[in-house]
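Close look at the chain arrangement
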Amino acid sequence: KHFSENGLRVLAFAYKESNEMLCAQAECGYVFLGLISMVDPPRPESVRAVAEAKQAGIKTVMITGDHKVTATAIAKQIGIFEEGDLALTGMELDAMSEEELDQKIDKISVYARVSPENKIRIVEAWQKKGHITAMTGDGVNDAPALKKADIGIAMGKAGTEVSRDAAAMILTDDNFATIIKAVANGRNVYRNIKNSIQFLLSGNMAGILCVLYTSIKALPLPFAPVHLLFINLLTDSLPAIAIGMEPADRDLLNQPPRDPKEGILSFPFAGKILFQGFLIGAATMWAWEMGYSQGGEAIASTMAFSTLTLARLFHGFNCKSNKPVVFTKKVADNKYLMGAFALGILLVTAVVMIPGLHTIFKVQTLSFTQLFTVYGLAALNIPVIQLLKAIWVKAGK
C-alpha cells in the first residue's frame, strides 16, 4: 500500500523447487522472497498538458489497468485527480446503475482495472451528457472504445495495428501533450476561417450599403464595374488569405470549447458584420459626398472607390483577433497580412496617382489633400472598432 500510494507498481516474487510440470495446479507452496516496486514515471510535459487541457475546458480522465491506489497516486502527480474526485475499479463500475453513473461521472477522474466493456460504457456515459469525447489507447482491448468515441486517438509507436485501424487520429510521438497542440491548432484554424468570413462579408456589406444609399437618393452609382473587380480580385482575396494564416496564440487555450451545434453565422457574429459594414460604408459615402461637392461625379467615384478599398485593407487588422491588438506589438506578427496590406496600399495609390492607369480603372487624379482625406476616412474604422473591442473584453464578453 505504501508503494502504491507513491505511484509505484508492486510485484511479489516467490520460488519453489519441484519437478512438476509448470501449470496452474502446480502454482502452490511457493516460498515468498519479497516485493519489488518499479515506477513508470509520467512524462515531464504531461503535467503541463493536463493543466492546459483543464484551462481549455477539457476534462482529462485516466483509464488504466493498474491498481486503483497506484493509478490515483499517478493521477494526483499529473493533476488529473483533485480534491473531491472519485476513483473506481471496473468491478465498482459494474455495480453502478446508469442513473448513478450519470450523477457521479463528472467527479470520477480515475478508472482502474477496467475491461473493454467498461471503457465503452465510460465513453457512452460522457456522450449521453452531450460532451464530445476523445479516447486514447494503444492495445487491442482499447479498439472498441476508440471506435465508439467521437475522436479515437491511437499511439503510433506503441499502439497495435488494431487500435490504429479503429482510431480517427494517430499520435506519431505517443505523447499526450501533442493532443493539446492539436486542439490549439484546430481552434486556430476555425478562428481564422471565421475571421476571414468576417473580413469578406463586412467589406461586401459596405459596398452593398453604398450602392443602396446612392440608389435611394437617386444619385449616380459610386462604383464602376472595374472598381468592384479590382476590390474582389486584389484587395479582398489577399488579406482574406493572409488572415487565414494568422498564427496561433496562447489565448486560444483560455477559451471554453465552442458549442458544436452553433453555426458560424450566429446572431452576435452577424450583428458584428453588419455594424462593421455600416461603419466602412459610412466612411465611403462621406468620401463620395466630399468628392461630389468638389469635383463632380468622376472625383466622387474615385474617392469612394479609394476609400472603400483602403478601408477594407485597414479592416484586415481589425479581423486579426477578437481582442484589441492593432495598437500592440501583435499587429505585425502576421507577415502575410502585412505584405497584403503593403501591396494593396501600393496598388490603390498607383491606380489613383498614375495617369496612365486612369482610363483602365475609370478614375481621376486626386489632389494630395483629397488623397490624405481618403486615407484618413479609410483608417477611421480602426480606432472605433478597437475601442469597442476593448470595452467588450473589459466587460468580459
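One can find the structure itself at the top, above this paragraph.
Here the structure is a predicted model, which is why all the values come from computation and not from measurement.

Calculation criteria
- Going along each chain's sequence as written, the residues are numbered from 1 onward.
- Whole-chain, interface and lining totals are the exception, using all residues; otherwise, since this is a predicted model, local features are given only for residues with pLDDT of at least 70 and side-chain atom pairs are given and counted only at 80 or more.
- With hydrogens and water set aside, each side-chain value is computed from the structure's full complement of heavy atoms.
- Put simply, DSSP marks the helices as runs of H or I at least four residues long and the strands as runs of E at least two long, and each gets a number from the N terminus on.
- Here the globule rule reads 2.2 Å times residues to the power 0.38, and the radius of gyration is calculated from C-alpha atoms.
- For each residue, the accessible area found with a 1.4 Å probe, counting protein chains only, is set against the maximum for its type, and the residue is called buried under 20%, exposed over 50%, and partly exposed in between.
- In this description, contact between two residues means that some pair of their heavy atoms is separated by no more than 4.5 Å.
- The Shrake-Rupley method, run with a 1.4 Å probe sphere, supplies the accessible areas, and residue values consider only the shown protein chains as cover.
- Charged-residue counts in this description rest on Lys and Arg as positive and Asp and Glu as negative, His and the chain ends being excluded.
- Here the site of a charge means NZ on Lys, CZ on Arg, CG on Asp, or CD on Glu.
- Only one rule defines a salt bridge in this text: a Lys or Arg side-chain nitrogen within 4 Å of an Asp or Glu carboxyl oxygen.
- Strand pairing is assigned whenever DSSP detects at least two bridges linking the two strands.
- Structural elements are reduced to axes, namely lines fitted to C-alpha atoms, with helices fitted over the stretch in contact, and the angle between N-to-C directions of any two is expressed from 0 to 180 degrees.
- Method remark: on a 1 Å grid restricted to protein atoms, a set of points is classed as a cavity if a 1.4 Å probe fits but cannot get out and as a pocket if it is open with protein on both sides within 12 Å along at least five of seven lines; lining residues have an atom within 4 Å of a point.
- Grid points are joined across faces, edges and corners, and a volume is the space filled by probe spheres set on the points.
- Here the term charged refers only to Asp, Glu, Lys and Arg, the term nonpolar to Ala, Val, Leu, Ile, Met, Phe, Trp, Tyr, Cys and Pro, and the term polar to all other amino acids, Gly among them.
- Nonpolar core, defined: a set of buried Ala, Val, Leu, Ile, Met, Phe, Trp, Tyr and Cys residues in which side-chain atoms within 4.5 Å join the residues together.
- Expected helix span is computed as 1.5 Å times (number of residues minus one).
- Patches here are clusters of residues that have more than 30% relative accessible area and form no salt bridge, with a 9 Å joining cutoff for like charges and a 5 Å cutoff for nonpolar side chains (Val, Leu, Ile, Met, Phe, Trp, Tyr).
- Pairing of aromatic rings covers Phe, Tyr and Trp, the last through its six-membered ring, and needs centres within 6.5 Å; plane angles under 30 degrees mean stacked, over 60 mean edge-to-face, and all others mean tilted.
- Angles are sorted into four bins: roughly parallel if under 35 degrees, roughly antiparallel if over 145, roughly perpendicular if 65 to 115, and oblique for all others.
- Helix crossings fall into two classes, left-handed where the near helix is turned counterclockwise from the far one by less than a right angle and right-handed where it is turned clockwise.

1. Comments concerning the overall build of the protein chain
- What the protein chain contains, in helices and strands, is 16 helices and 8 strands.
- For the protein chain, the C-alpha radius of gyration of 31 Å lies well beyond 21 Å, the compact-globule estimate for 397 residues.
- Here the C-alpha coordinates of the protein chain stretch approximately 110 × 40 × 35 Å along the principal axes.
- Across the 397 residues that make up the protein chain, the buried fraction comes to 41%.
- Restricting to contacts in the protein chain with at least 6 residues of sequence separation, those with at least 24 account for 64%.
- Of the roughly 21,500 Å² of accessible surface on the protein chain, a fraction of 64% belongs to carbon and sulfur atoms.
- Charged side chains in the protein chain number 39 positive and 36 negative. The centres of these two groups are separated by 9 Å.

2. Focus: the pattern of salt bridges
- Evaluation of the coordinates by the stated rule reveals 21 salt bridges.
- A salt bridge links Asp 66 to Arg 9, with the shortest nitrogen-to-oxygen separation between them at 2.7 Å. Here Asp 66 is found in the loop between strand 3 (62–64) and helix 3 (68–78), whereas its partner Arg 9 is found in strand 1 (residues 9–15), with 57 residues between them in sequence.
- Here the salt bridges share partners, and the residues they tie into one network are Arg 9, Asp 40 and Asp 66.

3. Digging into the sheet that holds strand 6 (residues 134–137)
- If you walk across this open sheet you meet the 3 strands as 6-7-8, and the pairing is parallel. Here the strands that pair on one side only, and so sit at the sheet edges, are strand 6 and strand 8 (169–171). Ignoring strand direction, the axes of neighbouring strands in this sheet form an average angle of 25°.

4. Describing the sheet that holds strand 4 (residues 86–89)
- Ordered by their spatial adjacency, 3 strands build an open sheet running 3-5-4, and the pairing between neighbours is parallel. Looking at which strands have only one partner, the edges of the open sheet turn out to be strand 3 and strand 4. Across the sheet, the axes of successive neighbouring strands diverge by a mean angle of 15°, strand direction being ignored.

5. Section: the layout of surface pockets
- The calculated volume of the second largest pocket comes to roughly 240 Å³.
- Taken together, 13 residues form the lining of the second largest pocket, with Arg 48, Glu 52, Lys 181, Arg 250 and Leu 253 sitting closest to its centre.
- Put simply, the parts of the chain that give the lining of the second largest pocket at least two residues each are helix 2 (44–55) and helix 9 (176–216).
- Residues that form the lining of the second largest pocket fall into these classes: 6 nonpolar, 1 polar and 6 charged.

6. With respect to the nonpolar core
- One finds Phe 305 and Leu 310 to be the most contacted residues of the largest nonpolar core, which totals 42 residues.
- Going through the elements one at a time, helix 9, helix 10 (225–243), helix 11 (267–295), helix 12 (297–318), helix 13 (335–353) and helix 15 (368–378) are the ones with two or more residues in this core.
- Sort the elements by how many residues they give to this core and helix 12 lands first, with 11 residues.
- Each residue touching Leu 310, except ones within four places of it in the same chain, is listed here: Ile 345, Val 348, Val 374, Tyr 375 and Ala 378.

7. A few points about helix 12
- When the terminal C-alpha atoms of helix 12 are compared, their 31 Å separation across 22 residues agrees well with the 32 Å that a helix rising 1.5 Å per residue should span.
- For helix 12, the tally of buried residues reaches 20 of 22 residues, placing the bulk of the element in the interior.

8. A look at a nonpolar patch on the surface
- A contiguous nonpolar surface patch, about 640 Å² in accessible area, is contributed by Leu 11, Phe 13, Tyr 15, Val 31, Leu 33, Ile 36 and Met 38.
- Of all the secondary-structure elements, those providing two or more residues to the nonpolar patch are strand 1 and strand 2 (31–38).
- Ranked by residue count, the leading element in the nonpolar patch is strand 2, at 4 residues.
- Residue placement: Leu 33 occurs in strand 2.

9. Regarding the packing of aromatic side chains
- Taken as a whole, this structure holds 6 aromatic pairs when the rule is applied.
- Ring plane angle 10° and centroid distance 4.8 Å describe the contact between Trp 288 and Tyr 292, whose orientation is recorded as stacked. Linking Trp 288 with Tyr 292, this pair stays in helix 11, spanning 4 residues, or about one helical turn.
- Overall, the relative accessible area of 0% leaves Trp 288 in the buried class.
- Relative accessible area serves as the criterion here: at 37%, Tyr 292 is assigned to the partly exposed category.

10. A word on the packing of helix 11 against helix 16 (residues 381–394)
- The N-to-C vectors of helix 11 and helix 16 enclose an angle of 155°; their axes lie 10 Å apart at closest approach. Regarding the angle of helix 11 to helix 16, the classification is roughly antiparallel. Between helix 11 and helix 16 lies a crossing whose hand is right-handed. Contact residues: Phe 275, Gln 276, Leu 279 and Ile 280 in helix 11; Asn 381, Val 384, Ile 385 and Leu 388 in helix 16.
- Residue composition of the contact of helix 11 with helix 16, grouped by class: 6 nonpolar, 2 polar and no charged.

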